[in-house]
Amino acid sequence: MSLNVEHHDTRVLPSEKPLRLLDNAGHALHGRETGGFALPAVETLLELYRRMVIARRFDVQVTALTKQGRLATYPSAYGQEACEIGVISAITADDWFFPTYRDSIALLTRGLAPGEILQSFRGDWHNGWDQHEHRTASMATPLATQALHAVGLAHAARLRRDPIVALTFLGDGATSEGDAHEAFNFAAVWQAPTVFLVQNNQFAISTPLARQTRAATLADKAVGYGMPGYHVDGNDIAAMYAVASAAVERARSGGGPTLIEGLTYRIESHTNSDDPTRYRQQRDVEHWKRRDPIERLEKYLVSEGALADALRGEIAEAAEDLAARTREAMSEEPELDPLQLFDHVYASPRASLAEQRAALEAELAARGAGAEVAAR
């Protein structure tokens, strides 16, 4: 990653065509472009469509709340719904998920409540959910660190003969980190049941893909580690789901890890504090808006007679209901205890931390006593 700097380089996209099952107009494809993968059943695609529509409404609502100052920051995944939802939908409730900071819509699809997902973005708490209950780790802000955690858990599960899979998401910029190399290598050597999704949205903050790698595709990196790699159209949820489902089944059956690169685009800014006009052209954004993943699947479902107006209306209503619940959750005043800063730092409390906690507790008590005197 880099700081925001003004450079409008001519971007070099991967030279190889990505695997896809639906073209941009929503037509089913056959032959070489599909990589031998079959189009999922219409019922499955309808459910994936529902999840994408609801997730986008959530994303738009949270972005609006952030602009109102009701959240400190928010990294939008607008336009990346096929990547996130296609892959997260391929694992079961027993599998583990290790997300990054941009994966709120994947968490939503995983079943977490809006208030749980957004606690850290509002600054209420480090993590808003029970990780063991949801089998979902905290969102990782440091790049690629969660990938090693995923591999470690997957390796432990393999040793225990526990048939679970660990799924982790990374960005294109994260593949330049040492932690990503170590995670890929350890997973392949140990044959850990891990699936890596690299969401190649073509910018690591302001650093374009061409400055990250000279590889034709990020999926090509898998060859050097001895595991399969797939370069997939990240705006085709049918392809993302099909490839991810195969990778999950391969991992669960003892076949080892898989790296999936989803080629997509970040439509919104990196976060609400970012100015993307300093490093990319608006014409590129408009180009990718025309490759919208929801519209693509919708065209296919309509052509198959599977998406009538009544069902589309029901889905839109469910999306609005979620948006309302998200607003309500962010309107509630949290009950914050500053002393919780010292909880869960170390497994065994340290003397220095105990002293700091006692000092803060005394200060808070003194302030409280002072406020009571002033009120009289």
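Thresholds, definitions, all that
Residues numbered from 1 in each chain as written. Predicted model: local features only at pLDDT ≥ 70, side-chain atom pairs only at ≥ 80, totals over all residues. Heavy atoms only, no water. Phe/Tyr/Trp six-rings, centres within 6.5 Å; stacked < 30°, edge-to-face > 60°. Helix = DSSP H or I, 4+ residues; strand = E, 2+ residues; numbered from the N terminus. Buried < 20%, exposed > 50% of the residue type's maximum accessible area, 1.4 Å probe, protein only. Lys NZ or Arg CZ within 6 Å of the ring centre and 35° of its normal. 1 Å grid on protein atoms, 1.4 Å probe; cavity = no way out; pocket = protein on both sides within 12 Å on 5 of 7 lines; lining within 4 Å. Points joined across faces, edges and corners; volume = space filled by probe spheres on them. Nonpolar A, V, L, I, M, F, W, Y, C, P; charged D, E, K, R; others polar. Lys, Arg positive; Asp, Glu negative; His and termini not counted. Salt bridge = Lys/Arg side-chain N within 4 Å of Asp/Glu carboxyl O. Contact = heavy atoms within 4.5 Å. Pairing = 2+ DSSP bridges. Right-handed = clockwise from strand over helix to strand, strands pointing away. Axes fitted to C-alpha atoms, helices over the stretch in contact; angles between N-to-C directions. Left-handed = near helix turned anticlockwise from the far one by under 90°.

A. Layout of the packing of aromatic side chains. As enumerated under the stated definition, the model contains 10 aromatic pairs in all. Relative to Trp-190, the ring of Phe-186 has its centre 4.8 Å away and its plane inclined at 20°; by these criteria the two rings are stacked. Note that Phe-186 and Trp-190 are positioned in helix α7 (residues 178-190) at a spacing of 4 residues, about one turn of the helix. Looking at Phe-186, the relative accessible area reads 36%, which means it is partly exposed. Take Trp-190: its relative accessible area is 32%, and that puts it in the partly exposed class. Aromatic ring contacts, followed pair by pair, group Phe-203, Tyr-265, Tyr-279 and Trp-288 into a single cluster. One residue, Arg-56, lies across the ring of Tyr-78, its end atom 4.2 Å from the ring centre.

B. Local environment of the layout of surface pockets. Considered as a void within the structure, the largest pocket measures approximately 230 Å³ in volume. Around the largest pocket sit 19 residues that line it, and Pro-75, Tyr-101, Phe-121, Met-139 and Thr-141 are the ones nearest its centre. Tallied by class, residues from the lining of the largest pocket come to 8 nonpolar, 10 polar and 1 charged.

C. Broad picture of unusual backbone geometry. For Ile-205, which is not a glycine, the phi torsion comes out positive at approximately 55°. Looking at where Ile-205 falls in the secondary structure, it is placed in the loop between β4 (203-204) and β5 (207-208). Accessibility expressed as a relative area gives 17% for Ile-205, which makes it buried. Its identity as a non-glycine residue notwithstanding, His-344 has a phi of 60°, on the positive side. By the element assignment, His-344 lies in the loop between α12 (309-331) and α13 (351-375). A relative accessible area of 72% means that His-344 is categorised as exposed.

D. The side chain of Asp-236, seen in detail. With respect to the helices and strands, the residue Asp-236 is situated in the loop between β6 (229-233) and α9 (237-252). For the buried Asp-236, which has no salt bridge, the nearest side chain bearing the opposite charge is Arg-296, at an N-O separation of 4.3 Å. When neighbours within four sequence positions are excluded, Asp-236 is seen to be in contact with Arg-20, Leu-21, Leu-22, Ala-82 and Arg-296.

E. View of the environment of Leu-46. Positionally, Leu-46 belongs in helix α1 (residues 42-67). A sequence separation of 161 residues divides Leu-46 from Thr-207, and the C-alpha atoms of the two residues are 36 Å apart.

F. Quick peek at the pattern of salt bridges. For the structure shown, the criterion picks out 17 salt bridges. Across the salt bridge formed by Asp-124 and Arg-122, the nearest N and O atoms sit 2.8 Å from each other. With a closest N to O distance of 3.0 Å, Asp-233 and Arg-296 form a salt bridge. Of this pair, Asp-233 sits in strand β6 while Arg-296 sits in helix α11 (residues 293-303); the two residues are 63 residues apart in sequence, bridging distant segments of the chain. A residue is classified by how much of its surface remains accessible, and Asp-233, at 1% relative accessible area, is buried. A single salt-bridge network, built from bridges that share partners, covers Glu-47, Arg-50 and Arg-51.

G. Up close: the pairing of strand β2 (residues 166-171). Burial runs high along β2: 5 of the 6 residues are buried. When strand β1 (residues 96-98) meets β2, the two strands line up parallel, connected through 3 bridges. Each bridged residue has a counterpart across the sheet, and for Phe-98 the counterpart in β2 is Thr-168. Here β2 pairs with strand β3 (residues 194-200) via 6 bridges, running parallel. By the bridge assignment for β3, Gly-171 is matched with Gln-199. Crossover β2 to β3 through α7 is right-handed.

H. View of the packing of helix α2 (residues 81-88) against α9. Packing of α2 against α9 leaves a shortest axis separation of 8 Å and a crossing angle of 35°. Considering how the two elements wind past one another, α2 and α9 form a crossing that is right-handed. Of the residues in α9, those in contact with Ala-82, Cys-83, Ile-85, Gly-86 and Val-87 of α2 are Ile-237, Met-240, Tyr-241 and Ala-244. Its residues assigned to classes, the contact of α2 with α9 shows 8 nonpolar, 1 polar and no charged.

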